[in-house]
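Breakdown of the fold
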Amino acid sequence: MLELLSEHACFGGVQRFYRHDAQAIGLPMRFSVFIPAGAHAADAAQKHPALFYLAGLTCTEETFMIKGGAQRVAAEEGLILIAPDTSPRGANIAGDSDAWDFGVGAGFYVDATEAPWSSHYRMYSYILELRNLLVQELGIDPQRTGIFGHSMGGHGALVLALRNPQLFRSVSAFAPIAAPSQCPWGKKAFTGYLGADESSWQHYDASALVRSQQGKPALFPQGILIDQGLADKFLPEQLLPEVFEAACHDAGQPLQLRRHAGYDHGYYFIASFMKEHLRFHARNLR
């Protein structure tokens, strides 16, 4: 059952914030939804395309809706936008708030297998649960659902799409952690959540997932869109888009990786190219 926390008129539609009991997490979770005019309730005769946005480290369900500048174009394109929180809250695990890149605000969109994280840190399954719930509750067309995200959320969007192309028909990312098995952020998170066996990490590494598709038809023949700022301080050590680019090339997966001089890792960069991402998804989901 969804609990409506607040709503606000926005570009002819409505911006809402919800809380619900998440089975995958075992705790209440929050998420935000922008619903354009004409898509206010489930209607069996008219389902609507939807786009999930996964935010990055330290963010919440509010960050994208406040900073992303997405609602105006979503209203024009008739897209429902959904942004979940980035981790469980209130798990009360010792040390879960000690670091900004692990624990609270840093769920990394994996299903943890290591104690004590495995009891609640199941963000991969939660995103799938939320998608299925909102197909029922908000009139989302299950055949026209896309996903995108930023940084840690870009990693999550790529992984969820590559592992579930039948559920997410379009995917893009802003400055994603594109090869987490090979970077400090990813190694820290994967060791803590998944353990030391690096073979288990490959299920949550977008570059490894693409590379495993060599010799098979492309999962996204319409292409994957990634934007990356060249003034991003995390680019050299943490993001590794060139690894994902090489994997796509080897697997025959179309990729548009756009590099932008002068842009950093923040929401000024994201807002600058948001319109193009939304229209990319709108085209793919028509």
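Throughout what follows, the structure given in this document is the object of discussion. In this text, all values refer to a predicted model and were calculated from it rather than measured experimentally.

Relative to the assigned elements, Tyr 263 resides in the loop between β9 (255-260) and α9 (267-285). Taking the C-alpha atoms as reference points, Tyr 263 and Gln 222, 41 residues apart in sequence, are found 26 Å from one another. With residues near it in sequence (within four places) discarded, Tyr 263 still touches Gly 229, Leu 230, Ala 231, Asp 232, Phe 269, Ser 272 and Phe 273.

What follows concerns empty space enclosed by the protein. Throughout the structure, instances matching the rule amount to one cavity of 30 Å³ or more. Estimates place the volume of the largest cavity at around 40 Å³. Surrounding the largest cavity, Leu 162, Val 210, Gln 213, Lys 216, Pro 217, Ala 218, Leu 219, Ala 251 and Gln 253 form its lining. When the residues that make up the lining of the largest cavity are grouped by side-chain class, the tally is six nonpolar, two polar and one charged.

With twelve residues, helix α4 (residues 152-163) extends 17 Å from end C-alpha to end C-alpha; this agrees with the ideal 16 Å at 1.5 Å per step. Taken across its twelve residues, α4 has eleven buried, putting it largely inside the fold. Along α4, the residues that are buried comprise Met 152, Gly 153, Gly 154, His 155, Gly 156, Ala 157, Leu 158, Val 159, Leu 160, Ala 161 and Leu 162.

Applying the stated criterion to the full structure yields 19 aromatic pairs. Centre to centre, the rings of Tyr 18 and Phe 31 are 5.3 Å apart; their planes meet at 20°, and the pair counts as stacked. Within this pair, whereas Tyr 18 is found in strand β2 (residues 13-22), its partner Phe 31 is found in strand β3 (residues 27-35), the two being separated by 13 residues in sequence. In this pair, the class of Tyr 18 matches that of Phe 31, namely buried. Summarising the aromatic geometry, the rings of Phe 148 and Phe 174 are spaced 6.3 Å apart at their centres and angled 50° between planes, so their arrangement reads as tilted.

Moving on to the sheet that holds β9. In spatial order, the strands read β1-β2-β3-β5-β4-β6-β7-β8-β9; together these nine strands make up an open sheet with mixed pairing. Single-partner strands in this sheet number two, and they are β1 (3-10) and β9. Looking at each pair of strands side by side, their axes are set apart by 20° on average, direction ignored. Of the pairings in the sheet, the one linking strand β8 (residues 224-229) to β9 comprises six bridges and is parallel in character. Each bridged residue has a counterpart across the sheet, and for Leu 225 the counterpart in β9 is Gln 256. Sitting on the sheet, helix α3 (residues 123-137) is in contact with β2, β3, β4 (48-54), β5 (80-84) and β6 (140-150), with an inclination near 125° to β2. Sheet strands in contact with α9 are β4, β5, β6, β7 (170-174), β8 and β9, and its direction is about 170° off that of β7.

Relative to the assigned elements, Asp 197 resides in the loop between α5 (184-194) and α6 (206-211). When the C-alpha positions of Asp 197 and Gln 136 are compared, they lie 38 Å apart, and in sequence the two are 61 residues distant. Within the structure, Asp 197 has its side chain in polar contact with the side chain of Ser 199 (distance 2.7 Å).

Right, let's talk about the packing of α3 against α4 for a bit. Between α3 and α4, whose axes approach to 11 Å, the crossing angle comes to 65°. Classified by the interaxial angle, the pair formed by α3 and α4 is roughly perpendicular. Read as a crossing pair, α3 and α4 show a hand that is right-handed. Facing Tyr 124, Ile 127 and Leu 128 of α3, the residues of α4 in contact are Val 159, Leu 160 and Arg 163. Looking at the contact of α3 with α4, its residues break down into five nonpolar, no polar and one charged.

Attention now goes to the pairing of β7. The element β7 is extensively covered by neighbouring structure, given that five of its five residues are classed as buried. Of the two faces of β7, both are covered, the one formed by Ser 170, Ser 172 and Phe 174 as well as the one formed by Val 171 and Ala 173. Bridging between β6 and β7 involves five bridges; their strand directions are parallel. Looking at β7, one finds that His 150 is bridged to Phe 174. Pairing of β7 with β8 involves three bridges; the strand directions are parallel. Residue pairing across strands places Ser 172 opposite Leu 225, the latter belonging to β8.

Before going further, it helps to examine the environment of Leu 130. Its location among the elements puts Leu 130 in helix α3. Classification of Leu 130 as buried rests on a relative accessible area of 0%. The spatial distance from the C-alpha of Leu 130 to the C-alpha of Phe 34 is 15 Å, given a sequence separation of 96 residues. The contacts of Leu 130, once residues within four sequence positions are left out, are His 20, Phe 31, Phe 52, Ile 82 and Pro 84.

Criteria and thresholds
- Residues numbered from 1 in each chain as written.
- Predicted model: local features only at pLDDT ≥ 70, side-chain atom pairs only at ≥ 80, totals over all residues.
- Heavy atoms only, no water.
- Helix = DSSP H or I, 4+ residues; strand = E, 2+ residues; numbered from the N terminus.
- Contact = heavy atoms within 4.5 Å.
- 1 Å grid on protein atoms, 1.4 Å probe; cavity = no way out; pocket = protein on both sides within 12 Å on 5 of 7 lines; lining within 4 Å.
- Points joined across faces, edges and corners; volume = space filled by probe spheres on them.
- Nonpolar A, V, L, I, M, F, W, Y, C, P; charged D, E, K, R; others polar.
- Expected span 1.5 Å × (residues − 1).
- Buried < 20%, exposed > 50% of the residue type's maximum accessible area, 1.4 Å probe, protein only.
- Phe/Tyr/Trp six-rings, centres within 6.5 Å; stacked < 30°, edge-to-face > 60°.
- Pairing = 2+ DSSP bridges.
- Axes fitted to C-alpha atoms, helices over the stretch in contact; angles between N-to-C directions.
- Polar contact = N/O pair within 3.5 Å; in protein donor to acceptor, adjacent residues only side chain to side chain.
- Parallel < 35°, antiparallel > 145°, perpendicular 65-115°, else oblique.
- Left-handed = near helix turned anticlockwise from the far one by under 90°.

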